[in-house]
Amino acid sequence: MILKKCRLCDSKKLFKFLDLGSHPPSDQFKKKIELDTPTTNYPLQVNSCLSCGFKQLSYVVEPEILYQQNYPYESSLTYQVKKHFDEFVKSIFKDYNLKKNDLAVDIGSNTGVLLSVFKKNNLRIVGVDPASNICKIANRKSIPTINSFFDRNAVNKILKKKGKAQIITGTNVFAHVNDLKLFLKNIKRLIHNKRGILVIEVPHFLTLIKNLEYDTIYHEHLSYISVIPLIPFLKKFKLEIVDIQQREVHGGSIRIIISEIGNYRVKKSVLKICNMEKKAKLNSRKVLVNFQRKVIQNRIKLTALLTKLKKMKKKIVILSAPAKGMTLLNYCKIDKDYIDYATEKSSLKQNLFTPGGNIPVYSDDKILKTKPHYALLLAWNFSKEIINNNIKYLKKGGKFIIPIPDIKIISYKTKRK
Ligand SMILES: [Zn+2]
């Protein structure tokens, strides 16, 4: 479905500043028997709204296609993510006076990592997630989870069973929602209107553009969030941003805390982030076109490097196969001609093949067994942790290629420097 008007302000004045070509959905890893079935590709292009500045994909793939039953993303497999959630809950408790038995609802709750931290702090909890396999895992861990999109029916169920929510969270959910107006209407019905808060955590478009994180653009991410366009949009729902915190996770995220207008004092952080966005000129055509130019250069440099290494008969593999890695691979047309195999910590993706490039995926330990010369690191946001976990591979002479923002080769020698 082509998006003809801005998701926030309905303006039809949209400026396409980035075209990454056509891609299969990044989570559609294939089974061996499916390798011959054709893959459907969808356009991956980003528009900037010339009226409000909101950044959004030009084409929306139906959620039924994107969020299939066996969604292969199991959150929080890394220490960094776990630590992040613990810290998240601590700061919210302190600032917003949550009480025992308050209700916490997590949208897109996955296997319930964040909710389990709320539970530990004596809140009542409920999760909502559209992937049935993920819900089963959560419910088995005693995290009550409704298998549904966050829609009217799901909200009705929660209201009936548990009442209004004092805190609603959505980490990396907001950017996935096509109808944000309906989303906020449902939030308004569920949230406690006197002291309820909505906390969303999203990758910040400012960081995306600064660090050339073009690989974080994929079909599931319909919007690329900056704060300034959100302010008038939220106001239509009598909501306001009361605090924004910057976070390192996923290559640079912002945590936005929202409540009904007047409930809480608005912190200085909101103005600070808005000023940063203004200074970066996120709506300037020149800035946006320059971004596209840098993306093309990154592709040229990376494919030149891989081609050179292949000519030298080097074995190259991929370590970690996150969704965003698929954008990079498919945009740069890196397939099994370059790459022997990929590895992934999450067992949900193992023994499958990457969408588009058909690269087989195995568990991480294959790297030590086969000792390839180079491992391309697609989860660069966790590079420090991944490199430390694979220090044995480096010691044995292996090297990492980090593709973004600048292409870097890391060996045991350079790592120690
Ligand atoms: Zn707009």
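Residues numbered from 1 in each chain as written. Predicted model: local features only at pLDDT ≥ 70, side-chain atom pairs only at ≥ 80, totals over all residues. Heavy atoms only, no water.

Asks: So what about the overall build of the chain? Which residues, and what values?
Replies: For the chain, the helix and strand inventory stands at 15 helices and 17 strands. Its C-alpha atoms give the chain a radius of gyration of 21 Å, within 12% of the compact-globule value 22 Å for 417 residues. Structurally, the chain occupies a C-alpha span of about 65 × 50 × 45 Å along its principal axes. Taken across its 417 residues, the chain has 56% of its residues classed as buried. Counting only carbon and sulfur atoms, one obtains 53% of the accessible surface of the chain, whose full area is about 19,300 Å². Computed over 77 positive and 33 negative side-chain charges, the separation of the two mean positions in the chain equals 4 Å. (Helix = DSSP H or I, 4+ residues; strand = E, 2+ residues; numbered from the N terminus. Rg over C-alpha atoms; globule rule 2.2 N^0.38 Å. Buried < 20%, exposed > 50% of the residue type's maximum accessible area, 1.4 Å probe, protein only. Areas by Shrake-Rupley, 256 points an atom, 1.4 Å probe, with all protein chains shown as cover. Lys, Arg positive; Asp, Glu negative; His and termini not counted. Charge placed at Lys NZ, Arg CZ, Asp CG, Glu CD.)

Asks: Explain the coordination of the zinc ion residue by residue, including any values.
Replies: At 2.3 to 2.4 Å from the zinc ion lie its protein donor atoms, namely C6 (SG), C9 (SG), C49 (SG) and C52 (SG). Each of the four donor atoms bound to the zinc ion contributes to angles spanning 101 to 115°, and the resulting shape is tetrahedral. The sequence motif formed by the donor residues of the zinc ion is C-x2-C-x39-C-x2-C. With a relative accessible area of 2%, C49 lands in the buried category. (Donors = N, O, S within 2.8 Å, 3.2 Å for Na, K, Ca; no water. Tetrahedral: all angles 85-135°; square planar, octahedral: opposite > 155°, others 65-115°.)

Asks: I'd love a proper account of the pairing of strand β10 (residues 239–247), names of residues and values included.
Replies: Most of β10 is tucked away, with eight of its nine residues classed as buried. Inspection of the sheet shows β10 paired to strand β11 (residues 253–260) by eight bridges, in the antiparallel sense. Note on β11: the bridge partner recorded for I241 is I258. (Pairing = 2+ DSSP bridges.)

Asks: Account for the domain arrangement of the chain, naming residues and giving values.
Replies: Bring the parts together and some accessible area is lost; that lost area is often taken as the interface size. On domain assignment, one finds that the chain holds domain 1 (79–283) and domain 2 (309–416). The C-alpha-based centres of domain 1 and domain 2 are spaced at 31 Å. Taken together, the contact pairs 13 residues of domain 1 with 13 residues of domain 2. Around 1,200 Å² of area is buried between domain 1 and domain 2 when both sides are counted, 63% of it from carbon and sulfur atoms. Counting across the interface, domain 1 meets domain 2 through two residue pairs in polar contact (both at pLDDT 80 or more). Residue classes in the side of domain 1 that touches domain 2 are distributed as six nonpolar, five polar and two charged. (Domains from an automatic or database assignment. Contact = heavy atoms within 4.5 Å. Buried area = accessible area lost by both parts, 1.4 Å probe. Polar contact = N/O pair within 3.5 Å; in protein donor to acceptor, adjacent residues only side chain to side chain. Nonpolar A, V, L, I, M, F, W, Y, C, P; charged D, E, K, R; others polar.)

Asks: Describe the nonpolar core, and please don't skip the residues or the numbers.
Replies: In terms of nonpolar packing, the biggest core is built from 85 residues, with F118, I167, Y214, I217, F291 and F400 touching the most fellow members. The biggest single contributor to this core is helix α10 (residues 285–311), with seven residues. Non-local contacts of F291, meaning those with residues more than four positions away in its chain, are made with F17, L18, L208, I209, L212 and Y214. Of all hydrophobic cores here, the second largest spans 44 residues; its members include V126, F150, I158 and F174. (Core = buried A, V, L, I, M, F, W, Y, C linked by side-chain atoms within 4.5 Å.)

Asks: Pulling in residues and values, what's your account of the packing of aromatic side chains?
Replies: In total, this model carries nine aromatic pairs according to the counting rule given. For the pair Y341 and Y362, a centre-to-centre distance of 5.8 Å together with 70° between the ring planes defines the contact as edge-to-face. Of this pair, Y341 sits in the loop between α11 (323–331) and β13 (342–343) while Y362 sits in strand β14 (residues 361–362); the two residues are 21 residues apart in sequence, bridging distant segments of the chain. Judged by its relative accessible area of 29%, Y362 falls in the partly exposed class. (Phe/Tyr/Trp six-rings, centres within 6.5 Å; stacked < 30°, edge-to-face > 60°.)

Asks: Run through unusual backbone geometry, naming residues and quoting values.
Replies: Looking along the chain, the bond that leaves I404 and enters P405 is cis, with omega of 0°. When you line up the elements, P405 lands in the loop between β16 (399–402) and β17 (408–410). Its identity is not glycine, yet D10 carries a phi of approximately 70°, on the positive side. For N101, which is not glycine, the phi torsion reads 70° and is therefore positive. With respect to the helices, strands and loops of the structure, N101 is situated in the loop between α2 (79–96) and β4 (103–107). We classify N101 as partly exposed; its relative accessible area is 47%.

Asks: Can you tell me about a positive patch on the surface, naming the residues and giving the values?
Replies: Together, K371, K392, K395 and K396 give the surface a local cluster of positive charge. Mapping K392 onto the fold places it in helix α14 (residues 391–395). For K392, a relative accessible area of 53% gives the class exposed. (Patch = residues over 30% accessible without salt bridge, like charges linked within 9 Å, V, L, I, M, F, W, Y side chains within 5 Å. Salt bridge = Lys/Arg side-chain N within 4 Å of Asp/Glu carboxyl O.)

Asks: I'd like a description of the side chain of T343, backed by residues and values.
Replies: In this structure, T343 sits in strand β13. A polar side-chain atom of T343 sits 2.9 Å from a polar atom in the side chain of D364. Excluding its chain neighbours within four sequence positions, the residues that come into contact with T343 are I318, L319, S320, A321, V361, Y362, S363, D364 and I367.

Asks: Run through the packing of helix α8 (residues 227–235) against helix α9 (residues 268–279), naming residues and quoting values.
Replies: Their axes nearest at 9 Å, the elements α8 and α9 cross at an angle of 125°. On the basis of their axis angle, the class for α8 and α9 is oblique. Here α8 contributes V227, I228 and I231 to the contact with α9, which in turn contributes I273, C274, E277 and K278. Partitioning the contact of α8 with α9 into residue classes produces five nonpolar, no polar and two charged. (Axes fitted to C-alpha atoms, helices over the stretch in contact; angles between N-to-C directions. Parallel < 35°, antiparallel > 145°, perpendicular 65-115°, else oblique.)

Asks: Which residues make up the pairing of β11, and what values do they have?
Replies: Within β11, seven of the eight residues are buried, which leaves the element mostly enclosed by the surrounding structure. For strand β8 (residues 197–203) and β11, the ladder comprises six bridges, and the chain directions are antiparallel. Looking at the pairing, I200 lines up with I256 of β11.

Asks: How would you summarise the pattern of salt bridges if you had to cite specific residues and measurements?
Replies: Tallied over the full model, the rule gives twelve salt bridges. One salt bridge in this structure joins K188 and E260, with 3.0 Å as the shortest N-O distance. With K188 in helix α6 (residues 180–190) and E260 in strand β11, this pair connects stretches of sequence that are 72 residues apart. Residue K267 pairs with D243 through a salt bridge whose shortest N-O separation is 3.7 Å. Highlighted residues: K267 in the loop between β11 and α9 and D243 in strand β10, separated in sequence by 24 residues. Looking at K267, the relative accessible area reads 26%, which means it is partly exposed. Within this structure, E87, E201, R247 and R255 form a network of salt bridges that share partners.

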